[in-house]
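Summary of structural features
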Protein chains: 4
Amino acid sequence: MHFLSDNAAAVHPQVWRALHDANAADTPYDTDRLSRALDDSFSALFGRDVAVLWMATGTAANCLALASMVAPHGAVFCHHEAHIENDEGGAPGFFTHGAKLVLAGGADARLTAESVAARLDAIRDDVHQVPVQAISLTQASELGCCYRPDDLAAIAEIARARSLRLHMDGARFANAVAFLGCTPAEACGPVDALSFGCVKNGAMNAEAVVFFDPTLADVARRQRKRAGQLQSKGRFLAAQLHAMISDGLWLANARAANAAAAEIAGGAGARLLHPVEANEIFLRCTADERAALRTQGFGFYDWGPDAARFVTAWDTRDEHALALARALQAL
Amino acid sequence: MHFLSDNAAAVHPQVWRALHDANAADTPYDTDRLSRALDDSFSALFGRDVAVLWMATGTAANCLALASMVAPHGAVFCHHEAHIENDEGGAPGFFTHGAKLVLAGGADARLTAESVAARLDAIRDDVHQVPVQAISLTQASELGCCYRPDDLAAIAEIARARSLRLHMDGARFANAVAFLGCTPAEACGPVDALSFGCVKNGAMNAEAVVFFDPTLADVARRQRKRAGQLQSKGRFLAAQLHAMISDGLWLANARAANAAAAEIAGGAGARLLHPVEANEIFLRCTADERAALRTQGFGFYDWGPDAARFVTAWDTRDEHALALARALQAL
Amino acid sequence: MHFLSDNAAAVHPQVWRALHDANAADTPYDTDRLSRALDDSFSALFGRDVAVLWMATGTAANCLALASMVAPHGAVFCHHEAHIENDEGGAPGFFTHGAKLVLAGGADARLTAESVAARLDAIRDDVHQVPVQAISLTQASELGCCYRPDDLAAIAEIARARSLRLHMDGARFANAVAFLGCTPAEACGPVDALSFGCVKNGAMNAEAVVFFDPTLADVARRQRKRAGQLQSKGRFLAAQLHAMISDGLWLANARAANAAAAEIAGGAGARLLHPVEANEIFLRCTADERAALRTQGFGFYDWGPDAARFVTAWDTRDEHALALARALQAL
Amino acid sequence: MHFLSDNAAAVHPQVWRALHDANAADTPYDTDRLSRALDDSFSALFGRDVAVLWMATGTAANCLALASMVAPHGAVFCHHEAHIENDEGGAPGFFTHGAKLVLAGGADARLTAESVAARLDAIRDDVHQVPVQAISLTQASELGCCYRPDDLAAIAEIARARSLRLHMDGARFANAVAFLGCTPAEACGPVDALSFGCVKNGAMNAEAVVFFDPTLADVARRQRKRAGQLQSKGRFLAAQLHAMISDGLWLANARAANAAAAEIAGGAGARLLHPVEANEIFLRCTADERAALRTQGFGFYDWGPDAARFVTAWDTRDEHALALARALQAL
C-alpha cells in the first residue's frame, strides 16, 4: 500500500487516450495543432488571456517562470520549506544565472504578509545587497496547506507596492482548488505566472507554465529552448495538458486524492502536525510505530526522527486509505 | 508526403507497448527498475561498461554531456554546421556556463584531423585565449554524411595528445551505424560520451547519454537534476530506450529510413550536394522546381535559395519515397 | 572624527613609495618582476609553498577563491553574517555560476564545529539537494571577533572528514593576527585559500589571494582574466602587496588600528555587544545617544535601532580614539 | 626600445598628481566627491548627458557594457578580430551569462554595414537560433584603423532598424579621436555605451564606461558590484579619469603616440599591412628581418610567420621612433 509520493503514480487512462490520439505526425516543437490550442484552453479555464508553455518537469516549470522574472543580480523570496529551496538541486540558481533565494518562515510552510514585509524591509536598497524581484508561493504548500484568497491578496499587495513579480508553484494546485472550492483564478490570485502541476495528478511528463503576463512568455520561449526543454514531438506534452483540463479530469483526480487524504487524517486524529488541506498527511509517529506500520505493508517516508509523511494520489485505492486510517487509529 | 524532418514522426508500436508496460507505479526519478537496468543494456550493446542517463531532448543530451567535459572558462571545438552551434538556441552556453564554441570547417559537415589540428595550433596557451577542452563530432553529420572509423581514430588521436575530451552528437547515430555496417562501438570510436538519439528514430521523448567515462556521469546526474531534466516518472523514458535497443529496433528503423533515402537519392542523381549516407538528401533545386514538387504534394525545407532538404524517417512509406524519386527524375 | 569604516582610509606612505618605484614599464599583466616575486614573498610569510594572485577587491578575492573550490551545482557553507552572504551584491553566485550559500549561526559571527556539523548532517546526499563543497570562515569575523587556532582545527577536521574545501575571508586577517599574537599560518589554520586583505589596512586597491593548494591557483588564473580582473599594469598591485608584507607593515598597521579600538572599547564598558578582538566596536546605544555623539563630531554607522558600529584604521589618530572613549564613558 | 604594447607604459605625472590629491579619506565606493563628479565631466566632454562608471580594466569595461545590453539567450555581433572574441579569456561569456558572439569579417578589422546586414539576415527569427541584440565596434580597430563618422552612421542605422544596441570598445578611442580630428561625440557616433580607454594612454588602472542611455547604467552599477569590480577606494579610479580628460591630457597623450607611429610608418613604406591611423603598425617582415631588428634592440611582437606588430605609447621617445623608422628603411 503505497503512500510514498504522488510523483510516481500511474498515468490516467484519459491521458493515455490523448497520447495515442496525438501519434500521427504533426509539425514539430510547439507549432503543432495541440500546442497552439493551449493558450485558448487555459484562457477559458482562468477566465482571462494567458500564454501557456508545456514543460516536462515541475522543477523546470518553476525555474523557467522565475528566470523570466528576476535578473541574475536579483533574488526570489520564498518560504524556507519551498521546493525551489530544498528539492530542486540548485535549479533556480542555474536557470536564473545565480539569483539568490531569500527565505522566510511561516506556519504550515505558508508565507504571511507580515513575515514577507518584515524580511523585505531589512534589505538595504544599495548595490551591496541583492534586491528581491519576485515572490514565489506554493499552493498547496510543501506541508499540504492552502493559501486562502485573502492570504494571496495581502501578499500580492506587498508585491505590487514594491514592484515585485509573483510566482506560484502549483505542483499540487489542483488539490488546492479542490480543497478551497473556489475557481482556479481565485486559488492563484494575481500572480504573474503559475506552474500548473499535472504529473502528480495523472499525467506522464507534462506540466504547464501559465503566464498571466504574456511578455514574460516571450522570454520563456527562448529560455525553454536554451534549457533543452523544447521537445520536438511537443504534441505529446500538449495532449496530456488538454486531457487534464478538458472535462475537469484535473479536479476529479485531485478530489479523489484529497478524499483519500481526509480519510487517513480522520484516523490520525491528534497526531496530525498540520491541517490536511490537500493530499499530504504529516503526523507524529515514533520509530516503533513506523516500523509497525511498515510491517502491515504501508509504504511512506520518515519525516525526521518523530514523524512520518503519507501522500495520496488520484489512484489511491479506497480500501488502502481506509486500512491506513484504521492502522493509525489502532497505534 | 512528408519529408520535412524525422523529428516529428510517429512513435513506433513497440515503443508504445513498452510505455504501457511501464505504467504501474515504481519508485520515482531514476531509481525504478527500468532506469537501473539501462547501464547493463547499453554496456551489452557497446561491449564495455558504460553509464547511461536518459534525457528528454537531444539538445539537453548534447549539452549535459558537454557540461560534464568543459569548464566554464573552456571551449568546445565543433564544425560550423554543428547542431550545437546553429540550432540549439544557445543551450551549450547555458549548460556550460558560458564556455565558447570554437569552429572549423570541413566537407559534408565533417571535421578532419587536419582542420582540427590547424585551428587548435592557432590558439595561444595563455589566459587571454580560451582553451579548447573537448571536441564534438556529429555522426551522421548535419549534412547526412558519416565519419569512418579511421576518421574518428585520427581525430581521437589529436584529442588524446592534447588531453581533450571527445563527444559525439548521435541524433542520427542509428542511421550512421546502419550505413557503415559496423558495430556501435566502431561507429563512435573512442569518445567519452555519446548522445544516442532515439526521438528521430521512433521514440516519443527519450534520448540516451552514454558515458564511456563513468566519472563524467556522476557530475551529469547532478546537472540533470539542476537543469530540470530529471522526470519523476523516469521509468517512461527508460522504457523507450529499452524498447529501442532490445531486438534491434533502433537498427531496423534506421535501415528503413536509410533505404527510403537511398531510393530518393537514386532519383536525384547529379543534383545531390552531398553523398547520401544516412536519411537526409540535400539537392540542387530551383525555386520553380521546388514549387512544382510542392504542387505534387511533397513537403520539405528550402535549403538556401537554390537547394532543398528532404528527410526520411522510420515510417516513411515506400510509395512516397518512390514517388519522390520519380518526381525528381522528371524535373 | 571618522569611525565609519576602515575601507576608505588613506594609503600608507610606504605603499605610495612602492607604487612610484613600480612606474617604469615592465612586461604586462602578471609577468612583471614584482608579480612573479609574490609567491616567494608570501611563501616566506606562511612558512610553506603558496601561490598568490593579486586582485583589486576583497569581493573578487573571496569569490575567485570560492569559484576555484565549488562546482556550479555545489554550495559554500558560511555564517549568516558573512560578507559573502550580505554585502557582496550576489558576487558569489556570479563567480561560482549559481552555487548556493548554506548558512548557519554562531555567537560573534563565528561558526562552531557543532553548528557546522549539525547543519551538514541535515543535507541528504542525493541529487535533489545541493552538496556543500566548501566552508568559508571570516577572520576576524564580521563582528570583530577572532577564531582561535583550536576553533579552526575543529572546523578543519569536519571539512577534512567530508572532503570539503576551506576558505578564509581575511579582509581583516592582519587585525586577527595582531590580536591573536600567533603566526599567520596559525591564524588561518589548514585552509586551502585565504583572502589576505590589504585595502582596509593601508593599501590602495590590492588584495592577495593566497592558495595553499596550487592546483586551485591554476583555475583561478584563468578565472581572474575571465572576470576582467587581470590588470595590464599588474605591477602596481604587486607593488602594494610587497609593500604591505615587507618590513611587517601589515602587522604594524593592524596593531595601530587594534590599539585604537581597544582604547575605545575601554570607554564603552558594559555597552559592548561583542568582545573587541580586532578593529571594530559594536555597542548598545540609543538613538538619542547616537545623535549626541554625532553632535560631538563622531562619524559612525547605526547598527539596527539600538546599536552602533565604530571602526578604526591604521591612520586613526590617538586623540580621536581617546575622545571617543571619553565621550562613550560620559554618555 | 620598447614597442611591445601600450598596455604597460608608465603612468603620466598628471595622473600621479591626481592620485595623491585623492589620498585623504572620503566616503567609500563611488559615493566620494570625485566619483560623483564623473557624470558632469564626461557629459561636458560629449556634449550630452551621460552616466559614467569607472572600471579597473578594459575587459571589465567592455563586458559590463555588453551585459547591460544583451540577455543571456542573446548574442553580440562583432568582428572576428575583436578583442572580446580573441583576447578576453571568455569574459564576455562570463559577464553575459553565456550570450554568444556572432562574427563577421571586414578589412582592417572594421565591420562594414554590408557585412553586418548580410550576416544578420542569415539568422532565422526562431527560438532555435540565437538572436543578435547588440553590435560591438572597436575604435580604433584591433588593426589600428578608424571608423569614419559615415561608417558609424551606416552601421548605427542597421542597429536602429533592428532594435539592436550599439557598443564601442574604445581601448584606443583617444588615438582615434586624435587621428580623425573630430569631436569625441563624432568619433563614437550614436552608441549606447562606450568603453573609454585610459590605461593604454597614461593612466594606472582606470577605464570609464560611458553610458549614453542612463537606464543601462542602473543595471551596470549592480553588475559592477556583483563582478567584484566596485573598489572601496574608488576615488583613486575617479581621480585618474578626471586627470585624463581635464586639460585635454587624453588627447595630448594620444597625439604623441600617433605621431610616433606615423614616424615609424614612414619608414615602413610598402611593408605596411594596414593604414596607420592610430598607434599600431603592422608590417610584413621575415623571420630574419625580425631577428635583425631585435639585435638592434627593438622589442615587438611577431604577428604570424611573416609579419610584426609595433605599438607606440604616450611615452615613446622620439629618438626611439626615429631609430625604428630608419631601421625599417634599412632592412
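Source: prediction; values computed, not measured.

So, how was this worked out
Residues numbered from 1 in each chain as written. Chains lettered and ligands numbered in written order. Predicted model: local features only at pLDDT ≥ 70, side-chain atom pairs only at ≥ 80, totals over all residues. Heavy atoms only, no water. Contact = heavy atoms within 4.5 Å. Buried area = accessible area lost by both parts, 1.4 Å probe. Salt bridge = Lys/Arg side-chain N within 4 Å of Asp/Glu carboxyl O. Polar contact = N/O pair within 3.5 Å; in protein donor to acceptor, adjacent residues only side chain to side chain. Helix = DSSP H or I, 4+ residues; strand = E, 2+ residues; numbered from the N terminus. Least-squares fit on C-alpha atoms with pLDDT ≥ 70 in both. Domains from an automatic or database assignment. Nonpolar A, V, L, I, M, F, W, Y, C, P; charged D, E, K, R; others polar.

Right, let's talk about the interface of chain C and chain D for a bit. Counting residues at the interface gives 45 residues for chain C and 45 residues for chain D. Around 3700 Å² of area is buried between chain C and chain D when both sides are counted, 55% of it from carbon and sulfur atoms. For chain C, the biggest contributors to the area lost against chain D are C:F94, C:R226 and C:K233; these three give 21% of the whole. Our count for the contact surface shared by chain C and chain D stands at zero salt bridges. Linking chain C with chain D are 32 residue pairs in polar contact (both at pLDDT 80 or more), by the criterion used here. Elements with a contribution of two residues or more to the side of chain C that touches chain D: helix 1 (13–21), helix 4 (58–67), helix 6 (91–95), helix 11 (214–226) and helix 12 (235–245) of chain C.

What follows covers the relation of the copies chain C and chain D. Least-squares fitting of chain C to chain D yields an RMSD of 0.0 Å, with the superposition described by an axial translation of 0.0 Å and a rotation of 180°. Expressed as a symmetry operation, the mapping of one chain copy onto the other fits a two-fold axis. In this assembly the copies share their binding face: 100% of the residues contributing to the interface of chain C also contribute to that of chain D.

Further remarks concern the domain arrangement of chain A. Often, the extent of an interface is quoted as the loss of accessible area upon association of its parts. All names here are of chain A. What the domain assignment reports for chain A is domain 1 (12–249) and domain 2 (254–330). At the junction of the two partners, domain 1 supplies 19 residues and domain 2 supplies 15 residues. Together, the buried faces of domain 1 and domain 2 total about 1400 Å²; carbon and sulfur atoms form 52% of this surface. Sorting the residues of domain 1 by area buried against domain 2 places L143, R172 and N175 first, and these three jointly supply 35% of that buried surface. Counting across the interface, domain 1 meets domain 2 through three salt bridges. Across the pair R110 and E277 runs a salt bridge whose closest N-O atoms are separated by 3.5 Å. With four residues, helix 9 (residues 173–180) is the single largest residue contributor to the side of domain 1 that touches domain 2. Across the side of domain 1 that touches domain 2, the residue classes tally to eight nonpolar, six polar and five charged.

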